[in-house]
Amino acid sequence: MKEKFLEVLRTTKQNVFVLAAEHEDERHAMTVSSVFSVSLEPMSMAVSVNKNASLHSLVDVGRKFSLNLLTVSQIDIAEICSGAEEGKIRFEHPDWDFSEIPFLKNAQSNLFCTCKKIVPLYSHSLVIGEVDSVVHSGKMNPLIYQDGRYES
Ligand SMILES: Cc1cc2nc3c(=O)[nH]c(=O)nc-3n(C[C@H](O)[C@H](O)[C@H](O)COP(=O)(O)O)c2cc1C
């Protein structure tokens, strides 16, 4: 049944985000697609983060994170942030801006959030954040992941 479950998931078209967070002298970024909007009042987002991911230990209630919706031209960043590179090397890409919380300046959109709740569940934690500010480039060309591949 698990194989069938995975088969079903592979048929879905997923938007690709990079989640970034920083605390004291630690900074992490990771590619995520288990992301959804929770509510409009207040504007809130949830992202499912594996407990083994380096970024997991950085998230806490009251801390900030950015969710960066990638465009089709950012496959390289999606790959870098999902294992091709590790740790701080992920931030060597020129698209990063470190003016406050790290964010990707050429992303389709950036959602800047403050973590309100963490719900640990099985292998993952649902990290729920209220949206403090939104940057939208106006582009409508999101990077899509389906069947283990990026659509370009
Ligand atoms: C398209 C795509 C979507 C992903 N979505 C998630 C996700 O929603 N949650 C998650 O915990 N990992 C997700 N991953 C896996 C992480 O990006 C990957 O394990 C990453 O290397 C974790 O960071 P770390 O190596 O610093 O621990 C995804 C990977 C890819 C390629």
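In case you missed it, the structure is sitting above this.
Because the structure is a prediction, the values reported are computed rather than measured.

> Which parts of the structure should I look at to understand the sheet that holds strand β6 (residues 64–69)?
Strand pairing in a sheet takes place through backbone hydrogen bonds and is either antiparallel or parallel in direction. Within the open sheet, the 7 strands sit side by side as β3-β2-β6-β9-β10-β5-β4. Their pairing is antiparallel. The two strands at the open ends of the sheet, each matched to only one other strand, are β3 (26–32) and β4 (35–39). Neighbour to neighbour, the strand axes of the sheet diverge by 35° on average, direction disregarded.

> Can you walk me through the site of the ligand in this structure?
Lining the immediate environment of the ligand, one finds 16 residues, of which Val32, Ser34, Asn50, Ser54 and Ser82 sit closest. Elements represented by at least two residues in the shell around the ligand include exactly β3, β5 (44–50) and α2 (75–84). With 4 residues, β3 is the single largest residue contributor to the shell around the ligand. When its residues are assigned to classes, the shell around the ligand shows 6 nonpolar, 9 polar and 1 charged.

> In this structure, what is going on with the environment of valine 72? I would like to understand it.
Structurally, valine 72 is set in the loop between β6 and α2. For valine 72, a count of 15 C-beta atoms within 10 Å corresponds to the partly exposed category. Residues valine 72 and serine 152 lie 80 residues apart in sequence; the distance between their C-alpha atoms is 5.7 Å. Beyond its immediate chain neighbours, meaning those up to four positions away, valine 72 contacts Asn141, Leu143 and Ser152.

> Can you walk me through the pairing of strand β10 (residues 124–136) in this structure?
Consecutive side chains of a regular strand alternate in pointing toward one face of the sheet and then the other. Bridge count for β5 against β10 is 7 bridges, and the pairing is antiparallel. In the strand pairing of β10, methionine 45 is matched with glycine 129. Bridging between strand β9 (residues 109–121) and β10 involves 12 bridges; their strand directions are antiparallel. Each residue of the ladder has a partner; that of proline 120, found in β10, is serine 125. Linking β9 back to β10 in an antiparallel pair, the connection comprises 2 residues, with tyrosine 122 at a positive phi of about 55°.

> I keep staring at the nonpolar core and nothing clicks. Help me out?
Grouped burial of nonpolar side chains is what soluble globular proteins tend to show. Residues Phe17, Val18, Leu19, Leu67 and Leu70 are the most contacted members of the largest nonpolar core, which totals 30 residues. Those elements that place two or more of their residues in this core are β2 (17–23), β3, β5, β6, α2, β8 (103–104) and β9. The element that contributes the greatest number of residues to this core is β2, accounting for 5 residues.

> So what exactly am I meant to see when it comes to the sheet that holds strand β12 (residues 149–151) here?
Taken in spatial order, the 3 strands make up an open sheet running β1-β11-β12, and their pairing is antiparallel. Since the sheet does not close on itself, it has two edges, and those belong to β1 (14–15) and β12, each with one partner. As judged from the 2 bridges shared by β1 and strand β11 (residues 144–146), these two strands associate in the antiparallel manner. Directly across from asparagine 15, in β11, lies its bridge partner isoleucine 144.

About the cut-offs
Residues numbered from 1 in each chain as written. Predicted model: local features only at pLDDT ≥ 70, side-chain atom pairs only at ≥ 80, totals over all residues. Pairing = 2+ DSSP bridges. Helix = DSSP H or I, 4+ residues; strand = E, 2+ residues; numbered from the N terminus. Axes fitted to C-alpha atoms, helices over the stretch in contact; angles between N-to-C directions. Near = placed C-beta within 6 Å. Nonpolar A, V, L, I, M, F, W, Y, C, P; charged D, E, K, R; others polar. Buried ≥ 20, exposed ≤ 12 C-beta atoms within 10 Å, placed from the backbone. Contact = placed C-beta atoms within 7 Å. Core = buried A, V, L, I, M, F, W, Y, C linked by C-beta atoms within 7 Å.

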